[in-house]
Amino acid sequence: VQLQACGGGLVQAGGSLRLPCAASGRTFSSYAMGWFRQAPGKEREFVAGIDWNGGRTHYADSVLGRFTISRDNAKNTVYLHMNSLKPEDTAVYYCAIRRGSYLYVAPDEYDYWGQGTLVTVSS
């Protein structure tokens with residue numbers, strides 16, 4: 001399985017971005033997906049996750065109400081819609097796939113990772 005995340009860039013505080021992550025492989029629709037981020041000098045942290053069929057999602061408290069995760073299994077793609085961005089959202093964002101149907105918060109539960117895309121929010 002290979003993951004390709006994109007859509008990062010420079011945005012002003014209060015702005016929006018959408019990060020798509022495309023996956024290869026025919027089993028994408030069976031697996032849970034997650035978005036994580038890592039800011040300079042900090043550990044990688046969970047941002048959002050979605051179960052295999054989109055039936056359940058979960059968000060970090062810091063992004064709840066501002067970010068939305070969704071997936072299109074026909075396109076093998078998961079999305080992170082980010083609104084009301086804040087400077088503290090600045091980080092490299094990674095998508096990850098878990099070889100299981102249900103999302104987990106811990107990074108160690110995920111099996112494959114994309115290369116990351118940088119999001120910079122200016123104040």
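Residues numbered from 1 in each chain as written. Predicted model: local features only at pLDDT ≥ 70, side-chain atom pairs only at ≥ 80, totals over all residues. Heavy atoms only, no water.

### Examining unusual backbone geometry
Phase 1: Even without a glycine there, the phi angle at Asn 76 is positive, about 55°.
Phase 2: Inspection of the secondary structure assignment puts Asn 76 in the loop between β7 (67–72) and β8 (77–82).
Phase 3: Even without being glycine, Ser 84 reaches a positive phi, approximately 50°.
Phase 4: You can call Ser 84 partly exposed: its relative accessible area is 41%. (Helix = DSSP H or I, 4+ residues; strand = E, 2+ residues; numbered from the N terminus. Buried < 20%, exposed > 50% of the residue type's maximum accessible area, 1.4 Å probe, protein only.)

### Topic: the state of the cysteines
Phase 1: A full pass over the atoms with the stated rule returns one disulfide.
Phase 2: In this structure Cys 6 is a free cysteine whose sulfur lies 8.3 Å from that of Cys 21, the closest cysteine sulfur available.
Phase 3: Cys 6 gets classed as partly exposed once you look at its relative accessible area, which sits at 38%. (Disulfide = S-S within 2.5 Å.)

### A short note on the environment of Arg 37
Phase 1: Along the chain, the position of Arg 37 falls in strand β4 (residues 32–38).
Phase 2: Using a relative accessible area of 5% as the deciding quantity, one classes Arg 37 as buried.
Phase 3: Remark: the alpha-carbon pair of Arg 37 and Gly 116, spanning 79 residues in sequence, is separated by 8.4 Å.
Phase 4: Setting aside residues up to four positions removed in sequence, Arg 37 forms contacts with Glu 43, Arg 44, Glu 45, Val 47, Ser 62, Val 63, Phe 67, Glu 88, Asp 89, Ala 91, Val 92 and Tyr 93.
Phase 5: Separated by 2.6 Å, the side chains of Arg 37 and Glu 45 make a polar contact. (Contact = heavy atoms within 4.5 Å. Polar contact = N/O pair within 3.5 Å; in protein donor to acceptor, adjacent residues only side chain to side chain.)

### Here we look at the pattern of salt bridges
Phase 1: Scanning the model with the defined rule gives six salt bridges in all.
Phase 2: For the salt bridge of Glu 45 with Arg 37, the shortest nitrogen-to-oxygen distance reads 2.6 Å.
Phase 3: Looking at Glu 45, the relative accessible area reads 35%, which means it is partly exposed.
Phase 4: In this structure, the salt-bridge partner of Arg 98 is Glu 109, at a minimum N-O distance of 3.6 Å. With Arg 98 in strand β9 (residues 91–98) and Glu 109 in the loop between β9 and β10 (112–113), this pair connects stretches of sequence that are 11 residues apart.
Phase 5: Under the relative-accessibility criterion, Glu 109 is labelled partly exposed at 32%.
Phase 6: Through salt bridges with shared partners, a single ionic network connects Arg 37, Glu 45, Arg 66 and Asp 89. (Salt bridge = Lys/Arg side-chain N within 4 Å of Asp/Glu carboxyl O.)

### Some remarks on the pairing of strand β3 (residues 17–23)
Phase 1: Counting buried residues along β3, five of its seven residues qualify, which places the element largely inside the surrounding structure.
Phase 2: Looking at chain direction, strand β1 (residues 3–5) and β3 are connected through three bridges and run antiparallel. Paired with Leu 3 across the strands is Ala 23, a residue of β3.
Phase 3: In this sheet, β8 lies alongside β3 in antiparallel orientation, the contact comprising six bridges. Each bridged residue has a counterpart across the sheet, and for Ala 22 the counterpart in β8 is Thr 77. (Pairing = 2+ DSSP bridges.)

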